[in-house]
Amino acid sequence: RYNSDPGLFYDPASRELWVTWREWGTENVPDGCPYCCTMRVRTGNGVNFSGAEVIALNENADAGLCADTQMCPILYSWRGETVLYGVSYVYEPYLLPRGMSLYRFAGGRFRLSESVPWADRSFDLWHFDLFEHEAALYQIVTGQSGNAIMIGRSTDGLHFSYSRRPLHSHRLFLRRNYFYKSTAVVHGGMLHVFYPRKSGRDSVRIVMRSMPVCRLDKYFK
């Protein structure tokens, strides 16, 4: 039983910051919801927070399948609609990436709307974050091994193409180079990528690397 994959989302309509996370096997997972759910708390001032509430149940198209369609839940506003993205994995008989899930808001919660199969097997879709640039939606992807940060691009917010060239990597895989759950933001013409890095046995620092965002096109040629 644990919580994982925290995230932040600013809702411009309510002017509130949402803190989101995924719960696995806890007492907060509603009856009839397999394994996990996505929850949130809200704050308008960063001091006072609402109570925790479920915003999405784990949904699978195949009944009885030991799977999660909300691994690494990400809330994002894309072309005027707030949606929830998730990675879809099957857990039995072995761990297998199925693809990406898209949840849309309906009936008081985000509900599974589309599932996109994972076709690019050159790396596994484990955790990702999103950012926009010039009408395209980009994914910053970290595979399960965590030894590289990959980059994907979409024009419809659902189907992504991926560069064969990592956005960032290290020639030797060392645990201190584990690029777990990387994130990115575009500001002032620069792409800033953030990721954790071990600086000692019990110490982790957040590293930022930057480049001109105009260089992104080179990854997709």
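The model shown is predicted, which means the values in this text are computed figures rather than measured ones.

K.L.:
Even after reading the chapter, I still don't get the layout of surface pockets, so can you show me in this structure?
P.N.:
A water-sized probe rolled over the atoms picks out the places where empty space is left. Considering only enclosed or pocket space, the largest pocket measures out at about 410 Å³ in volume. For the lining of the largest pocket, the elements supplying multiple residues, two or more each, are β1 (2-11), β5 (67-78), β9 (127-133), β14 (183-187) and β15 (190-200). At 5 residues, β9 tops the list of elements feeding residues into the lining of the largest pocket. Looking at the lining of the largest pocket residue by residue, the class counts come to 17 nonpolar, 4 polar and 3 charged.

K.L.:
I would appreciate a short explanation of the side chain of T43 in the present structure.
P.N.:
Summarising the element assignment, T43 is placed in strand β3 (residues 36-43). Judged by its relative accessible area of 3%, T43 falls in the buried class. Contact partners of T43, with chain neighbours within four places excluded, come to E16, L17, N48 and F49.

K.L.:
Got a minute to help me understand the packing of aromatic side chains in this structure?
P.N.:
For any pair of aromatic rings, the description rests on two quantities: the centre-to-centre distance and the angle between the ring planes. Using the criterion set out here, one finds 14 aromatic pairs in the structure. Ring centres of Y2 and W24 lie 6.2 Å apart, and the angle between their planes is 10 degrees; this geometry places the pair in the stacked category. Taken together, the residues span a long stretch of sequence, with Y2 in strand β1 and W24 in strand β2 (residues 16-24) at a distance of 22 residues. Overall, the relative accessible area of 38% leaves Y2 in the partly exposed class. Here the basic side chain of R40 rests over the ring of W18, its NZ or CZ set 4.2 Å away from the ring centre. The ring of F220 carries R153 above its face, with NZ or CZ at 4.2 Å from the centroid.

K.L.:
Can you walk me through the nonpolar core in this structure?
P.N.:
It is characteristic of soluble globular proteins that their nonpolar side chains tend to be buried jointly. Grouped together as the largest cluster of nonpolar side chains are 25 residues, with contacts concentrated most on Y85, M100, L125, F128 and L130. Going through the elements one at a time, β5, β6 (81-90), β7 (96-106), β9, β10 (136-142) and β11 (148-154) are the ones with two or more residues in this core. By residue number, the principal contributor to this core is β5, which donates 5 residues. Membership of the second largest hydrophobic core comes to 17 residues, among which are I151, F179, V193 and V213.

K.L.:
Just to check I follow, could you spell out the pattern of salt bridges for this structure?
P.N.:
Opposite charge on two side chains lets them pair, provided their charged atoms get close. For the structure on display, the rule yields 8 salt bridges. We note a salt bridge from R40 to E53, for which the minimum N-O separation is 2.8 Å. Taken together, the residues R40 in strand β3 and E53 in strand β4 (residues 53-57) connect sequence positions 13 residues apart. Of the residues examined, R40 reaches a relative accessible area of 14% and is grouped as buried. Across the pair R153 and D217 runs a salt bridge, and its minimum N-O distance is 3.3 Å. One end of the pair, R153, is in strand β11; the other, D217, is in the segment after β16 (203-212), with 64 residues separating them in the sequence. By relative accessible area, D217 is classed as partly exposed at 34%. Here the residues in one salt-bridge network are E16, R40, R42 and E53, joined through shared partners.

K.L.:
I would appreciate a short explanation of the sheet that holds β15 in the present structure.
P.N.:
Either a parallel or an antiparallel arrangement is found when strands of a sheet pair, and the pairing is made through backbone hydrogen bonds. Read from one edge to the other, the open sheet built from 3 strands follows the order β14-β15-β16, with strand pairing classed as antiparallel. Strands with a single pairing partner mark the edges of an open sheet, and in this sheet they are β14 and β16. Averaged over all pairs of adjacent strands, the angle between their axes in this sheet comes to 30 degrees, without regard to strand direction. Bridge analysis of β14 against β15 gives 5 bridges, and the strand direction is antiparallel. When the bridges of β15 are listed, H187 appears paired with M190.

K.L.:
Hey, could you run me through the pairing of β16 in this one?
P.N.:
Looking along a regular strand, one sees the side chains alternate between the two faces of the sheet. Two elements, β15 and β16, share 10 bridges in a ladder whose sense is antiparallel. Looking at β16, one finds that Y195 is bridged to V207. Between β15 and β16, which follow one another and run antiparallel, lie 2 residues.

The rules behind the values
Residues numbered from 1 in each chain as written. Predicted model: local features only at pLDDT ≥ 70, side-chain atom pairs only at ≥ 80, totals over all residues. Heavy atoms only, no water. 1 Å grid on protein atoms, 1.4 Å probe; cavity = no way out; pocket = protein on both sides within 12 Å on 5 of 7 lines; lining within 4 Å. Points joined across faces, edges and corners; volume = space filled by probe spheres on them. Helix = DSSP H or I, 4+ residues; strand = E, 2+ residues; numbered from the N terminus. Nonpolar A, V, L, I, M, F, W, Y, C, P; charged D, E, K, R; others polar. Buried < 20%, exposed > 50% of the residue type's maximum accessible area, 1.4 Å probe, protein only. Contact = heavy atoms within 4.5 Å. Phe/Tyr/Trp six-rings, centres within 6.5 Å; stacked < 30°, edge-to-face > 60°. Lys NZ or Arg CZ within 6 Å of the ring centre and 35° of its normal. Core = buried A, V, L, I, M, F, W, Y, C linked by side-chain atoms within 4.5 Å. Salt bridge = Lys/Arg side-chain N within 4 Å of Asp/Glu carboxyl O. Pairing = 2+ DSSP bridges. Axes fitted to C-alpha atoms, helices over the stretch in contact; angles between N-to-C directions.

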